[in-house]
Every structure is written in C-alpha cells, then in structure tokens.
Amino acid sequence: MINVAVSGFAGRMGSAVVDAVTAADDMQVTCGIDPHGSSKVFAVYETVEQAVHAGGFDVLVDFTQPSVVEGNLRVALAAGIDCVVGTTGLANDKLEELAALAPEGTCLFYAPNFTTGAVLMMQFAKSAAPFFPEAEVLEFHHCNKKDAPSGTAVRTAQIISEARDGRQSVAPGKETEIAGCEGARGALVEGVPVHSVRSMGYVASQEVVFGSMGQTLTIRHDSWDRTSYMPGVLLGIRSVGDRQGLIVGLENFME
Ligand SMILES: NC(=O)C1=CN([C@@H]2O[C@H](COP(=O)(O)OP(=O)(O)OC[C@H]3O[C@@H](n4cnc5c(N)ncnc54)[C@H](OP(=O)(O)O)[C@@H]3O)[C@@H](O)[C@H]2O)C=CC1
Ligand SMILES: O=C(O)C1=N[C@H](C(=O)O)C[C@H](O)C1
C-alpha cells in the first residue's frame, strides 16, 4: 500500500486526486494539507511542515499554487519524501535546485500536464516543428487559473524551440504591435508566441498552429473534465518509488 499526502486537497485538482487515490486498490490518502480543508477520513494539516513532522506517508502530491509549491517541496524533499507535482509556475532551474536538496533515492517528479493527450500533443509538435517556419501556441483555461501562460504552453514552446535547433520564426513579431495594444502578438517563450485565453466554460485546451507556404497544421487537445488527469497522477505515484532525482514529463513513465 502506498501512503499518500495530498497538498491542496480541498482544491479543484486536489479533491479529484483524493477521490482517485481512494478508489485505487494499491494506495490510500493518509493525510491532506490545505489551509481551509477538513476531512473525517484522513488527518488534515495546515502546512506541509506539520504533515512531514507527523509522518505516515511515502509520497506527497502537490496541486497548490505557483506561490506556495516551492516552500512545500523544500520541506518534503529535504525529508526524503518522493514528490509528484502538478502545480505549475516553477522554472526548470528551480526544479533542479529543489531536487538537489533531497537525499539519494528521493524522486521529484513534475508533469506540466498529466493527460496522455497533452503529452502526445507535445510529442506531435516536436515532430512537426522542424518542418514549419512558423509556430504559435494558443491556450484556453478556466478563469480561476492563477498563472499565465500555462505550464503546458511553456513546455510546448520549449519543445518547439529545441526541435527548431535555434531557428527563429520569420513571422511579424512584437515590433508590429500598434501603440496601446502591446501584447497583441502574445508572450514570446523561447521565441515562440504564446496566447492565453481565460474564460468561464473551459477546463483546459491548447492549440499549436504551425504554418508554412500555403498550409497550416493545427494540433489541438481539450481536457473537458479533471478526471482526464487522474490516470497520469496515479501512474506518477506508482512510479516515483523506483526512481530518483528530477524527472520532468509524464512521457518518462508512459510505455
Ligand atoms: N499538471 C497538471 O496536469 C495540472 C496542473 N494544474 C495546476 O495545479 C495547481 C492547482 O490547480 P487547481 O486545483 O485548479 O487550484 P485550486 O485553487 O482549486 O486549488 C489549490 C488549493 O491549494 C490550497 N493551498 C493554498 N496554499 C496552500 C498551502 N500552503 N498548502 C497547501 N494547500 C494550499 C488552496 O487553498 P485556498 O483556496 O484557501 O488558497 C486550494 O484549496 C495550479 O498550479 C494548476 O496550474 C491543474 C490542473 C492539471
Ligand atoms: O490550471 C489548470 O487548470 C491547468 N494547469 C496546467 C497548466 O498550467 O498547463 C495543466 C492544464 O493545462 C490545466
């Protein structure tokens, strides 16, 4: 039995993780961390520090906020607890710094997106990028999201940039934005324009639009429900016990 602590357990993702872990045969939620959470089933703490001090879990799952995840991971990793992290907003060098705090045998696993569809979208984008001079990312999320652009969009832009091998887009850029409308061409992430839409009605969607002479290729993924992330989260929880160091991306555990 894998004993799991869920940080942010009262939130949109955290509560879905509690349900998914509870329904699985090989793991259980032994505690939850959330400043405003309560439970009759498992122990509840206000901070990860309190939970680590009390002990009783092998894996910490974190779906909190960009502003708190770093502090949570510092405490858990230093105590040698494997971490499965969905919270977005941490840069790669920060993840490396955090992983270095952990004793040998401890794993920090971060996935900007736990859906198989989004992983495939990014892999298809990697395959397409060398063949198209233009690429732009459009991401669409619910209006309560606390970060922009999304972690998935940032990772997609990084993947496209690496696959282009340093080649820059030749499309008109930020220099064409008219006065008072700065931002119209999006945020440049590693040279790739990223456009963030926030609206009621969305969970999470993304389009990657590639262009070359006379043609466009659009790769689109939609999460319509947060259950879409749960098989990936459970796979992460089952996998970290056998791994160590920093691992970024669900593709590392997918067959
Ligand atoms: N990797 C992936 O596949 C996915 C990643 N995400 C990411 O997960 C994160 C959470 O998203 P979502 O569930 O929608 O957000 P929510 O705001 O619904 O949930 C976050 C929860 O964390 C709580 N919280 C705040 N501070 C702490 C703390 N110090 N310790 C523990 N809990 C805390 C919040 O409490 P309060 O509201 O009282 O502040 C809230 O209940 C975001 O970064 C999002 O981008 C989301 C979906 C998929
Ligand atoms: O906040 C969300 O909802 C999501 N966040 C992740 C991101 O920033 O990419 C994953 C997914 O897009 C949903």
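Higher on the page you've got the structure.
Residues numbered from 1 in each chain as written. Chains lettered and ligands numbered in written order. Predicted model: local features only at pLDDT ≥ 70, side-chain atom pairs only at ≥ 80, totals over all residues.

**Student:** What am I meant to see in the overall build of the protein here?
**Tutor:** If you tally the helices and strands in the protein, you get 7 helices and 12 strands. Relative to the 2.2 N^0.38 estimate, which gives 18 Å for 255 residues, the radius of gyration of the protein is 19 Å and therefore close to what a compact globule would have. Based on the C-alpha atoms only, the size of the protein along its principal axes is roughly 60 × 35 × 30 Å. Buried residues in the protein amount to 37% of all 255 residues. Sequence separation of at least 24 residues holds for 68% of the intrachain contacts in the protein that already meet a minimum separation of 6. (Helix = DSSP H or I, 4+ residues; strand = E, 2+ residues; numbered from the N terminus. Rg over C-alpha atoms; globule rule 2.2 N^0.38 Å. Buried ≥ 20, exposed ≤ 12 C-beta atoms within 10 Å, placed from the backbone. Contact = placed C-beta atoms within 7 Å.)

**Student:** Looking at this structure, how should I read unusual backbone geometry?
**Tutor:** Trans peptide bonds make up most of the peptide bonds, and negative phi angles are found at most residues other than glycine. Along the chain, A148 connects to P149 via a cis peptide bond; the corresponding omega equals -5°. Mapped onto the elements, P149 comes out in the loop between β7 (134–141) and α6 (151–164). Positive phi, close to 50°, is recorded for E190, a residue that is not glycine. Inspection of the secondary structure assignment puts E190 in the loop between β8 (187–189) and β9 (192–198).

**Student:** What am I meant to see in the site of ligand 1 here?
**Tutor:** Lining the immediate surroundings of ligand 1 are 27 residues, of which G8, G11, R12, M13 and G86 lie closest. Here the shell around ligand 1 gets 3 residues from one element, more than from any other, and that element is helix α1 (residues 12–23). Broken down by class, the residue content of the shell around ligand 1 amounts to 11 nonpolar, 13 polar and 3 charged. (Near = placed C-beta within 6 Å. Nonpolar A, V, L, I, M, F, W, Y, C, P; charged D, E, K, R; others polar.)

**Student:** Explain the pairing of strand β4 (residues 59–62) to me, please; I cannot follow it from the model alone.
**Tutor:** A regular strand places its side chains so that they alternate between the two faces of the sheet. Neither face of β4 is open: one carries V59 and V61, the other L60 and D62, and all of them are buried. Two strands pair when backbone bridges link them, and β4 and strand β5 (residues 82–85) are joined in this way by 4 bridges, in the parallel orientation. From the neighbouring strand, D62 faces β5, where its bridge partner is V85. Crossover β4 to β5 through helix α3 (residues 69–78) is right-handed. (Pairing = 2+ DSSP bridges. Right-handed = clockwise from strand over helix to strand, strands pointing away.)

Fair warning: the whole summary comes from geometry, so function is off the table for now.
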